[in-house]
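# Remarks on the overall topology
Residue-level listing of the chains:
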Amino acid sequence: MSLFKRRRFPVEIILLCVRWYCKYGISYRDLAEMMQERGVEVDPSTIFRWVQRYAPEIERRVRHFQGYRSGSWRVDETYVRVGGKWKYLFRAIDKHGQLIDFMLAERRNTRAAYRFLRKALKMMSDYPPCSITTDRLASYPKAIRRLQNEGLLSKDVEHRTSKYLNNVIEADHGALKRVIRPTHGFQRPKTASATIRGFEVMRMIGVATASCRRPVWQAKSVL
């Protein structure tokens, strides 16, 4: 079954709206006005539904084209507002800025750190880490030891707590926040996760394109 069955707008319009929203950090209303100037009448709520439906699907499919990740991981947390409350956004990238994974969590404790690292390891099973750099949060050493004891993480993996080495992910947080800011927060964890997946995939494409100096993704070849 086509992903676009029963959609009254052309596939190209849907994907263009999803791409522009996730890449440029504009509001749904502003994007609807931009499309209106181009002769396309579309409601902001319709664009919202497109992002919720197709951004996660694009992220899932694009990952197959991302290829190699460095074994040097940078892990950190930042904050996003969901339902009027601040939530923790765990993120991991490699030393080149390529996304490893992300996860929203209610707390910044050992259980959350363990869940996130386990999720990231499963996502990157073909490219396991040789080192994990974090801040000095006490939850990370405990989570890493648990993963090692369970055999999910190699005993040889080095855990580092260098603030200097984590500058790359701190800067990456800032770039992501600039795209998130126009949303004025998310209403629910489900919509937050789907939208952030869209933001992250567009940034993944940008990093990969910059590194190889050629396009790595075409909408029609992905969907």
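Look above for the structure.
Residues numbered from 1 in each chain as written. Predicted model: local features only at pLDDT ≥ 70, side-chain atom pairs only at ≥ 80, totals over all residues. Heavy atoms only, no water.

## A word on the overall build of the chain
- On a plain count of helices and strands, the chain comes out with eight helices and five strands.
- Secondary structure elements of the chain occur, N-terminal to C-terminal, as α-α-α-β-β-β-α-β-α-β-α-α-α.
- Relative to the globule expectation of 17 Å for 223 residues, the C-alpha radius of gyration of the chain, 18 Å, shows essentially globular dimensions.
- For the chain, the spread of C-alpha atoms along the three principal axes comes to 55 × 40 × 35 Å.
- Within the chain, the proportion of its 223 residues that are buried is 48%.
- Of the accessible surface of the chain, which amounts to about 12200 Å², a share of 50% is contributed by carbon and sulfur atoms. (Helix = DSSP H or I, 4+ residues; strand = E, 2+ residues; numbered from the N terminus. Rg over C-alpha atoms; globule rule 2.2 N^0.38 Å. Buried < 20%, exposed > 50% of the residue type's maximum accessible area, 1.4 Å probe, protein only. Areas by Shrake-Rupley, 256 points an atom, 1.4 Å probe, with all protein chains shown as cover.)

## Here we look at the pattern of salt bridges
- In total, this model carries eleven salt bridges according to the counting rule given.
- Salt-bridge contacts for Glu 57 lead to Arg 60; the nearest nitrogen and oxygen are separated by 2.5 Å. Of this pair, Glu 57 and Arg 60 both sit in helix 3 (residues 44–62), three residues apart, roughly one helical turn.
- Salt-bridge contacts for Glu 57 lead to Arg 61; the nearest nitrogen and oxygen are separated by 2.6 Å. Remark: Arg 61 and Glu 57 occur in helix 3; sequence separation between them is four residues, near one turn of the helix.
- For Glu 57, a relative accessible area of 12% translates into the label buried.
- The class for Arg 61 is partly exposed, based on a relative accessible area of 25%.
- When salt bridges that share partners are traced, they join Arg 91, Asp 172, Glu 200 and Arg 203 into one network. (Salt bridge = Lys/Arg side-chain N within 4 Å of Asp/Glu carboxyl O.)

## Examining helix 5 (residues 139–149)
- For helix 5, every residue scored as buried is listed here: Ser 139, Tyr 140, Ala 143, Ile 144, Leu 147 and Gln 148. Taken end-on, helix 5 shows its buried residues confined to a sector of 160°, consistent with a single buried face.
- Two residues or fewer after helix 5 comes Gly 151, characterised by a positive phi angle close to 80°. (Arc of directions from axis to C-beta.)

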